[in-house]
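# Results of the structural survey
Here is how the chains run, residue by residue.
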Amino acid sequence: MSEAYQSKLVYDGGTSFERFAMAVVAGAFIAFIFAAGTLFGWVSVSGHLGNVPVANYIAGGILALGTGTGILGLLSRWGAVRTTPDRSAGLGVGVVQTVLWLVTAGLIASHTLGLGGIGWLIALPVGGFSGYLTIATREDVGATLPATAFVCLVGAVILGGLITPAWTWEPEAFDASIPGTIVIPLLTMLSGLLAGWAGASAYEGFGTRGRQNGAFLLISLVVFLVLSVLVFLLVFVFERGIFVILENITIGAGTALLLLGMGFFLLARYGDLRPATADGSDTIVSFVHLAVAILLALVGITLLYTIGVDQSLSGYAVTIEPTTDIGAVPGLLVGIVLLGIHRKSNGNPTHDSQIGRRVDESLRIGTGLLVGAAFLEVVMGAELTAGRVAILPTLAIVVGILAAGFLLANRTAALSETIDLPTWVPPLSRTVGVVLLAFIGVCLHVAITGYPFSLGPVGSITSGTLDWPFVMNPSQGLGIQMGVMPAMLGTIWIVLGAVTFAVPLAVGAAVYLTEYAEDSMFTRAVDVATNGLWSTPSIVFGLFGLAFLVPRFGGSPSIFAAQLVLGFMLLPLVLITSREAMKSVPDEYRDASAALGVSQWDTIRSVVIPAAMPGVITGVILGVGRIAGETAPLLLVLNGPNFPNAAPGVISSFAVDFRLQPPFVHVTNPALLERASALPYQLYAIITAGVGADAPFGWGTTLVLLGVVLTFFAIGIASRRHFRRKLHQ
Amino acid sequence: MVKIHSRIFDVVSLFRRRTAGIFRTAAELDLPSLVLATAQILLISGTFAGFLLQSTWTVTLLYAFLVVTGIGWISRQALTAKVVTFLMTAATLLTLGLIAVFLILEAIPVFREAGLELVWPFGSNAWSVSQGQFSLVPMIWGTAITTAVAILVAGPFGIAGALFISEIAPGWLREIVKPAVELLAGIPSIVYGFIGFTIINPYIGDLLEINPGALFAIGLVIGFMALPTVVSVAEDALSAVPESMKDGSVAMGVTDWQTMKSVSIPTAFSGISAAVLLGVGRAIGETMAATVMISHSRRLPAPELYNVFDSTETLTTFIASSYGHVTPGQLFWSALFAAGVFLLVIVTGLGIVSQLIEQRMHRKLREGQ
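The rules behind the values
- Residues numbered from 1 in each chain as written.
- Chains lettered and ligands numbered in written order.
- Predicted model: local features only at pLDDT ≥ 70, side-chain atom pairs only at ≥ 80, totals over all residues.
- Heavy atoms only, no water.
- Helix = DSSP H or I, 4+ residues; strand = E, 2+ residues; numbered from the N terminus.
- Buried < 20%, exposed > 50% of the residue type's maximum accessible area, 1.4 Å probe, protein only.
- Contact = heavy atoms within 4.5 Å.
- Areas by Shrake-Rupley, 256 points an atom, 1.4 Å probe, with all protein chains shown as cover.
- Pairing = 2+ DSSP bridges.
- pLDDT = per-residue confidence, 0-100.
- Phe/Tyr/Trp six-rings, centres within 6.5 Å; stacked < 30°, edge-to-face > 60°.
- Lys NZ or Arg CZ within 6 Å of the ring centre and 35° of its normal.
- Salt bridge = Lys/Arg side-chain N within 4 Å of Asp/Glu carboxyl O.
- Core = buried A, V, L, I, M, F, W, Y, C linked by side-chain atoms within 4.5 Å.
- Patch = residues over 30% accessible without salt bridge, like charges linked within 9 Å, V, L, I, M, F, W, Y side chains within 5 Å.

## With respect to the overall build of chain A
Counting its regular elements, chain A contains 23 helices and 15 strands. Relative to its full complement of 729 residues, chain A shows a buried share of 46%. When contacts within chain A are restricted to residue pairs at least 6 apart in sequence, those whose partners lie at least 24 apart make up 73%. Surface accessibility of chain A: about 35400 Å² in total, with carbon and sulfur atoms responsible for 67%.

Below, the structure written as structure tokens:
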């Protein structure tokens, strides 16, 4: 929209003619929605309402709409209403009316009157005449009366019993019987569109403004329809799948609280929780953030209450155990995420006093020992003990308590105004980091050794506080609830492989194309190839993998082939976005770097790539979203069992061995060369098995797949929005 | 004739200049750099050749390349970076070439056996492996019908959506609609397929008393899937129209809708047609939703060719559903790749053409400024 004018210069209130036009538009809209509702089966056309068939109500409504439209036109033409119609409704409207009447008259003459092919000959003049009438008369008549006639005709046909819900039309060419229950809603929708368009046009008094109003109404309706299909689809899948996914979940309240706490913290850290200070579309975003935060807090309070009264909470097949235990793996996850955020937001503190330096040094030694012990345990895969004392937890407790002490002292000093801390007490950011590290160490210890760990009555850690059958079970086994574990791991491995293969290639190529290459045949060829790859159908990639990759990697479909094929698909997606990101790095950056005497490569490495990184990462996230849901190539190059009973053990089957034959160093991984499943493939497998009793499992899988893919998309879109906005500031 | 001569001369001289440039660059390098760069390029070419020939030396060559690159990274980082990024760019170009070559190679046997019969619409048009009849006509026709229905949905709706986002919607609404349309693009096709198989197919089958897999229903679903592509490409084209042109129009006292009709849409027309072309490509190449919904009967629709309530097979569903029943080397196998070649040529071609149209429009708009 041109921004040259934003508001009307003159506003003269609403006249009764305008209000009447508005009523027609509203009526048309209601008719349209009602008809759509009957298509979805929410309202039955064939029923009765107090002895009168529903179809007759519909017909009455349509007749009223048609009459209303006609009255609008007549009032404007011969009434006392001041409108601004043009001399003609225009060629476009004329053509639409010609086609509409041609088809209507043709169908009536050839089928209802039984004239066959001759009927269409009769229809020709009817269509031509109505088109002529539309164009030749003044706009207010041409835009309303043919529409009125059609809408009234529809109403009369339904009311007169020519088309009833029980009526069927069996066109020979189509070999199908089209019942009245679908014809009536479709005709109603068409009538609604016509009447609504005419009414909207009349509302602005016809003329150019009227036509604009009519056109905008139709376009907005289209967008509204598309968005409602999107929302309907998401809600539908969610409603069908959510209880399948949640079935039989058992979670410890402590673990749940920990996860919730992390969510809350992330929201508070990165979200905008103050709608009052935001403006524009940010207001909506911050309202959503605030609502989520409040929800999290409420759930957290419920969990605390559960722990307090020591009663398990269950509903919708979900059970929350009132334990304060925290699962090792969730704890590890939360700890790592929090530590990552913490490290990113703090610099290194400096110390000016002798004792401060010493305290800092000892903390550093403690954390160093902790990390070393943790590393050893990971490598050995067993507990590290000295005598009868487990080293890692002991270290963690000592360091953790020390740091927690400092932390407490710091907080108290910050809260009260009288206490002054000695300067050697390490700052808050440092101690928080150490406490988190200790926490991670303990979680890691429990996760590896499996021994429970407890510290007083409050916080204790064991493994196995979370049981989520749908996500943790294989899809086949004796007496188990079906789950998507193998498919999920398959998808994770395939996506990881594709990313490691394609992202370096794509980013490298983007660097060469934007920084080194001059415009030449070669770069143009690469451009064409990238665009070609971008639009190549996924099934063609699958065929390529089948012909080229599969024979070279073991001769049967495998995870590795799938990784490479999806990598090839990811390549153009990441290449295009990375190139755009690098192109949008301002030339001033490069010039400034060159002016400082930095070489071209160092400029690229330390200026261009860091500046383009957000764009590249956004591209990778969106690309991953797209390939994670890709099924067609997987049919050809992955093709695993329909219901796998085990997940691929990729990590455990790596083997390196040295021999005297080429290639001398043999890196093998049989698990990578096996067939497997993936989330979209699992869904396809359910369909090929005929759905049937597996329908709930199918809906659950759909929801998980949709959740995974759309999360990637949502993050990608949000981060792009964020960084674009930053760039334009 | 003279023109061709001068053109050839141009190309030759350009090529000579380029070669001279490469020699000059090579001469400027010191010996170790030259050796490293040459070794890297030779080794990776060797790896690629070994991979193509399925040689046992492939991995060894790859190791050698990695080692040389490692040495180069430590001693001549800038040069190594340039060589490696160049190789990566070449790999992108190579990918499309490999796809084309391998598809065509596998498709040759069936072309040799069936010849023009494969696509000749006035023959028997029958697909029967047991009788040695290989005709892709039913699949091509199925693709044509579903694509036509799809584009009837995606074209008007997509353009309307693009107009809404770029011209009509107020700022706050645009910020909701645009991401929503992008999110729509993210819904995997198998999800549409699952809904189509469990909900739409039975619904339409019951309602119209037809067998499941109506081309019409598949076309609708595919059209809805191609919609986001059309919207975002057309929206790009519409927002590339300079604001000054629209302002000029509005200054004449016309309405927004008139400005759109007579300024925005004509200016962005090539971009919008590129969007529709891309949508057509998406619809032709769409696989999963159609595969699970269609009946896989490999015959032309009856009783009339345009019976959209009947079901047949499309090129993509043909490939997706047949794999698993064939073994490499059979004519059937080869026919799958022939279908793949058609898809590659048509869809990739459409993608490239639409991209070129779009670039031309942007260039013209820039020149006009």
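## Let's talk about the pairing of strand β7 (residues 318-321) of chain A
Residues and elements named next belong to chain A. Alternating residues of β7 divide into Val318 and Ile320, all buried, and Thr319 and Glu321, none buried. Alignment of strand β5 (residues 249-252) against β7, held across four bridges, turns out to be parallel. Across the sheet, the residue bridging to Ile249 is Val318, located in β7. The sheet contact formed by strand β6 (residues 313-315) and β7 spans three bridges and is antiparallel. In the sheet register, Ser314 faces β7, and the bridge partner there is Thr319. Where β6 folds back on β7, the antiparallel hairpin that results is connected by two residues, among which Tyr316 adopts a positive phi of roughly 50°.

## With respect to unusual backbone geometry
Unlike most non-glycine residues, A:Phe206 shows phi in positive territory, near 55°. Structurally, A:Phe206 is set in the loop between α6 (180-203) and α7 (207-246). Accessibility expressed as a relative area gives 0% for A:Phe206, which makes it buried. Positive phi, close to 55°, is recorded for B:Glu209, a residue that is not glycine. Of note, B:Glu209 is situated in the loop between α7 (189-208) and α8 (215-239). In this structure B:Glu209 comes out as exposed when scored by relative accessible area, which is 58%.

## Remarks on the confidence of the model for chain A
Per-residue confidence for chain A averages 81 on the pLDDT scale, and 89% of its residues sit at or above 70. The weakest mean pLDDT in chain A belongs to strand β12 (residues 459-462) of chain A at 58; the strongest belongs to helix α18 (residues 559-583) of chain A at 91.

## Examining the packing of aromatic side chains
Inspection of every chain in the model, using the stated rule, returns 25 aromatic pairs over all chains. Where A:Trp101 meets A:Phe150, the ring centres are 6.1 Å apart and the plane angle is 90°; that geometry is what we call edge-to-face. Of this pair, A:Trp101 sits in helix α3 (residues 91-112) while A:Phe150 sits in helix α5 (residues 139-159), and the two are 49 residues apart along the sequence. Both residues of the pair, A:Trp101 and A:Phe150, count as buried. Through successive ring pairs, a cluster of aromatic residues spans A:Phe501, A:Phe544, A:Phe548, A:Phe553, A:Phe560, A:Phe568, B:Phe51 and B:Phe102. Between the NZ or CZ atom of A:Arg552 and the centre of the ring of B:Phe51, over which it lies, the distance is 5.7 Å. Between the NZ or CZ atom of B:Arg282 and the centre of the ring of A:Trp534, over which it lies, the distance is 5.1 Å.

## So, the pattern of salt bridges
One pass over the full model with this rule turns up 14 salt bridges over all chains. A:Asp140 is the salt-bridge partner of A:Arg138, the closest N and O atoms lying 2.8 Å from each other. Residue classification places A:Arg138 among the partly exposed residues on the basis of a relative accessible area of 30%. With a closest N to O distance of 3.0 Å, B:Arg299 and B:Asp310 form a salt bridge. Residue B:Arg299 is found in the loop between α12 (288-293) and α13 (315-322), and its partner B:Asp310 is found in the loop between α12 and α13; the two are separated by 11 residues along the sequence.

## A short note on the sheet that holds β6(A)
Here four strands make up an open sheet; going across it, the order is β6-β7-β5-β13 (chain A) and the pairing mixed. Edge positions in the sheet fall to β6 and β13 (466-467) of chain A, since each has one partner strand and no second.

## Overview of the side chain of B:Thr47
Within the secondary structure layout, B:Thr47 lies in helix α2 (residues 31-52). Dropping the residues within four chain positions of it, B:Thr47 is found in contact with B:Thr58, B:Leu61 and B:Leu62.

## Here's the deal with the nonpolar core
Soluble, globular proteins show a tendency: their nonpolar side chains are buried together. In terms of nonpolar packing, the biggest core is built from 235 residues, with A:Leu636, B:Ile187 and B:Tyr192 touching the most fellow members. With 16 residues, the single largest contributor to this core is helix α15 (residues 485-516) of chain A. Once you skip the residues sitting within four places of it in the chain, B:Tyr192 turns out to touch A:Leu233, B:Leu184, B:Ile187, B:Val221, B:Phe224, B:Met225 and B:Ala289. Residues A:Leu258, A:Leu338, A:Cys443 and A:Leu444 belong to the second largest nonpolar core, which totals 12 residues.

## Digging into a nonpolar patch on the surface
Residues and elements named next belong to chain A. A contiguous nonpolar surface patch, about 580 Å² in accessible area, is contributed by Leu91, Val95, Val99, Val103, Leu107, Trp120 and Ile135. Every element with two or more residues in the nonpolar patch is listed here: α3 and α4 (117-136). Within the element layout of this structure, Ile135 appears in helix α4.

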